[in-house]
Amino acid sequence: QVQLVESGGGLVQAGGSLRLSCAASGSIFNINAMGWYRQAPGKQRELVAGITSGGRTNYADSVKGRFTISGDNAKNTVWLQMNSLKPEDTAVYYCRMILATTMNGNYIYWGQGTQVTVSS
């Protein structure tokens, strides 16, 4: 069984920074992609940033130049460094990984979510 555990959310003033972490545990064989999504109240969940096992990254236009995603497949961990935070970044942030276990092929796994609140 795979679990994704996130940490690092919280309350910060506009212009501040936070760093989110997500660590996966279980019988993981290979991680193909990692990413962060967010969902604000009344809105659909949206992609914030993603990174492939080869290190290719992509970002939502709204966070380009402010957020940086990084990952370490050996540690089964992905991070999201968020700088110059804005009130519109307020949301629950979810970690997502596409990975294969020793028993199964590639499936999508989600973390439980961590709240990020940016005050103006």
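For the structure, see preceding data.
For clarity, every value in this text was computed on a predicted model and none was experimentally measured. (Residues numbered from 1 in each chain as written. Predicted model: local features only at pLDDT ≥ 70, side-chain atom pairs only at ≥ 80, totals over all residues. Heavy atoms only, no water.)

Caption draft 1: Focus on the overall build of the protein chain. Tallying secondary structure elements over the protein chain gives zero helices and eleven strands in all. Of the regular secondary structure in the protein chain, the N- to C-terminal order runs β-β-β-β-β-β-β-β-β-β-β. Taken against the 2.2 N^0.38 rule, which gives 14 Å for 120 residues, the C-alpha radius of gyration of the protein chain at 14 Å falls within 12% of a compact globule. For the protein chain, the spread of C-alpha atoms along the principal axes amounts to about 45 × 25 × 25 Å. Looking at the protein chain as a whole, 41% of its 120 residues are labelled buried. (Helix = DSSP H or I, 4+ residues; strand = E, 2+ residues; numbered from the N terminus. Rg over C-alpha atoms; globule rule 2.2 N^0.38 Å. Buried < 20%, exposed > 50% of the residue type's maximum accessible area, 1.4 Å probe, protein only.)

Caption draft 2: Highlighting the pairing of strand 8 (residues 77-82). Across the six residues of strand 8, five count as buried, placing the element largely inside the fold. Across six bridges, the pairing between strand 3 (residues 18-25) and strand 8 is antiparallel. Each bridged residue has a counterpart across the sheet, and for A23 the counterpart in strand 8 is T77. With six bridges joining them, strand 7 (residues 67-72) and strand 8 adopt antiparallel strand pairing. Within strand 8, the position partnered with T68 by the bridge is Q81. Between strand 7 and strand 8, which pair antiparallel one after the other, the connecting turn spans four residues, and N76 there sits at a positive phi close to 55°. (Pairing = 2+ DSSP bridges.)

Caption draft 3: Region of interest: the pattern of salt bridges. If you walk through the whole model with that rule in mind, you get four salt bridges. A salt bridge links D61 to K64; the shortest N-O distance between them is 3.1 Å. Among the charged side chains, a salt-bridge network with shared partners connects R38, E46, R66 and D89. (Salt bridge = Lys/Arg side-chain N within 4 Å of Asp/Glu carboxyl O.)

Caption draft 4: How the structure looks around the packing of aromatic side chains. Across all of its chains, the model carries one aromatic pair by this definition. Just above the ring of Y94 sits the side chain of R45; from NZ or CZ to the centre is 3.7 Å. The ring of W110 carries the charged tip of R45 above its face, separated from the ring centre by 4.7 Å. (Phe/Tyr/Trp six-rings, centres within 6.5 Å; stacked < 30°, edge-to-face > 60°. Lys NZ or Arg CZ within 6 Å of the ring centre and 35° of its normal.)

Caption draft 5: Just the nonpolar core, in detail. In terms of nonpolar packing, the biggest core is built from 31 residues, with W36, V78, L80, M82, Y93 and M97 touching the most fellow members. Listing elements by their share of this core, those giving two or more residues are strand 3, strand 4 (28-39), strand 5 (46-52), strand 7, strand 8, strand 9 (91-101) and strand 11 (114-119). Here this core takes five residues from strand 9, the largest share from any one element. Excluding residues within four positions of it along the chain, V78 makes contact with L20, S21, C22, M34, W36, I51, I69, S70, G71, C95 and M97. (Core = buried A, V, L, I, M, F, W, Y, C linked by side-chain atoms within 4.5 Å. Contact = heavy atoms within 4.5 Å.)

Caption draft 6: Here's a closer look at the environment of T102. Relative to the helices and strands, T102 is located in the loop between strand 9 and strand 10 (106-110). Put simply, T102 and C22 are 80 residues apart on the chain and 20 Å apart in space, counted from C-alpha to C-alpha. Here T102 is in contact with S27 and F29, once residues within four sequence places are set aside.

Caption draft 7: The sheet that holds strand 8, seen in detail. The antiparallel open sheet is built from four strands, whose spatial order is 1-3-8-7. Of all the strands in the sheet, just strand 1 (3-7) and strand 7 have a single pairing partner and so form its edges. Between one strand axis and the next, the sheet turns by 15° as a mean value, whatever way the strands run. (Axes fitted to C-alpha atoms, helices over the stretch in contact; angles between N-to-C directions.)

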